[in-house]
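Structural description and commentary
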Amino acid sequence: MVLPLLKLGTLAVKTLSKPLASKLKQQAAYHPKFRQFIVNFAQANHRLTTTMQRRLYSHATDVEIRPLNEEKAVQAAVDLIGELFVFTVAGAVVIFEVQRSAKSEARKEETRRRELEEMRQRDEKLEKEVETLRRKLEEIEQLAKGRGLGGIFNLKHATAEAGKVEKPS
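Remember, predicted model here, so these are calculated numbers, not experimental data. (Residues numbered from 1 in each chain as written. Predicted model: local features only at pLDDT ≥ 70, side-chain atom pairs only at ≥ 80, totals over all residues. Heavy atoms only, no water.)

Residues Leu-5, Leu-8 and Leu-11 make up a contiguous nonpolar surface patch of roughly 320 Å² in combined accessible area. The topology assignment puts Leu-5 in helix α1 (residues 2-30). (Patch = residues over 30% accessible without salt bridge, like charges linked within 9 Å, V, L, I, M, F, W, Y side chains within 5 Å. Areas by Shrake-Rupley, 256 points an atom, 1.4 Å probe, with all protein chains shown as cover. Salt bridge = Lys/Arg side-chain N within 4 Å of Asp/Glu carboxyl O. Helix = DSSP H or I, 4+ residues; strand = E, 2+ residues; numbered from the N terminus.)

Next up, the structure:
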């Protein structure tokens, strides 16, 4: 369920970033300072990626890297900014999901903690009841030793037999 929604969300973000990229192209055409900024950004990115590729493939890195022409630089910058936008939105979604999951886990942990506390209180209450019953049992045992078993339970049968025994004597 999550994977199709993730793919759909990614597709939607990419689709929404394309108008942003075209708007950036338009702005680059109208504003010379912005155009120069993104051209410089694209040239720096081109130098960085070319140097990294040359090092990765063990080629000489001390050669001069030819700059992109202005239109290619603008296109590369706009594409890069669009991808950065997509990456930023995807990162924000991941952060949001992690925070949501952490909050959910914290709620579950709080529920477990409350249940554990309730169980501990129930356990203490039961311990007190057991202790009370133990004391009562000790009292009954003391009474039984002092009066005998018939005296504790007040059995009529035991007293009746005692009365019968006294009459014949």
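Turning next to the nonpolar core. Counting nine residues, the largest nonpolar core consists of Leu-24, Ala-28, Ile-38, Val-39, Ala-42, Ala-73, Val-74, Ala-77 and Val-78. Put simply, the parts of the chain that give this core at least two residues each are α1, α2 (32-56) and α3 (70-147). (Core = buried A, V, L, I, M, F, W, Y, C linked by side-chain atoms within 4.5 Å. Buried < 20%, exposed > 50% of the residue type's maximum accessible area, 1.4 Å probe, protein only.)

The next thing to look at is the packing of α2 against α3. Between α2 and α3, the shortest axis-to-axis distance is 8 Å and the interhelical angle comes to 85 degrees. Classified by the interaxial angle, the pair formed by α2 and α3 is roughly perpendicular. Residue-level inspection shows Arg-35, Ile-38, Val-39, Phe-41, Ala-42, Gln-43 and Asn-45 of α2 in contact with α3, the latter providing Glu-70, Glu-71, Ala-73, Val-74, Ala-76, Ala-77, Val-78, Leu-80, Ile-81 and Leu-84. By residue class, the composition of the contact of α2 with α3 is twelve nonpolar, two polar and three charged. (Axes fitted to C-alpha atoms, helices over the stretch in contact; angles between N-to-C directions. Parallel < 35°, antiparallel > 145°, perpendicular 65-115°, else oblique. Contact = heavy atoms within 4.5 Å. Nonpolar A, V, L, I, M, F, W, Y, C, P; charged D, E, K, R; others polar.)

Using the criterion set out here, one finds one aromatic pair in the structure. Taking the centre distance of 6.5 Å and the plane angle of 15 degrees together, the rings of Phe-37 and Phe-41 count as stacked. With Phe-37 and Phe-41 both in helix α2 and four residues apart, the pair spans about one turn of that helix. For Phe-41, a relative accessible area of 31% translates into the label partly exposed. (Phe/Tyr/Trp six-rings, centres within 6.5 Å; stacked < 30°, edge-to-face > 60°.)

Okay, α3 next. With 78 residues, α3 extends 114 Å from end C-alpha to end C-alpha; this agrees with the ideal 116 Å at 1.5 Å per step. Buried within α3 we find Ala-73, Val-74, Ala-77, Val-78, Gly-82 and Val-86. The N-capping residue of α3, defined by a side-chain oxygen 3.3 Å from the backbone nitrogen of Glu-71, is Asn-69. (Expected span 1.5 Å × (residues − 1). Polar contact = N/O pair within 3.5 Å; in protein donor to acceptor, adjacent residues only side chain to side chain.)

Treat this as a map of the structure, not an account of what it does.
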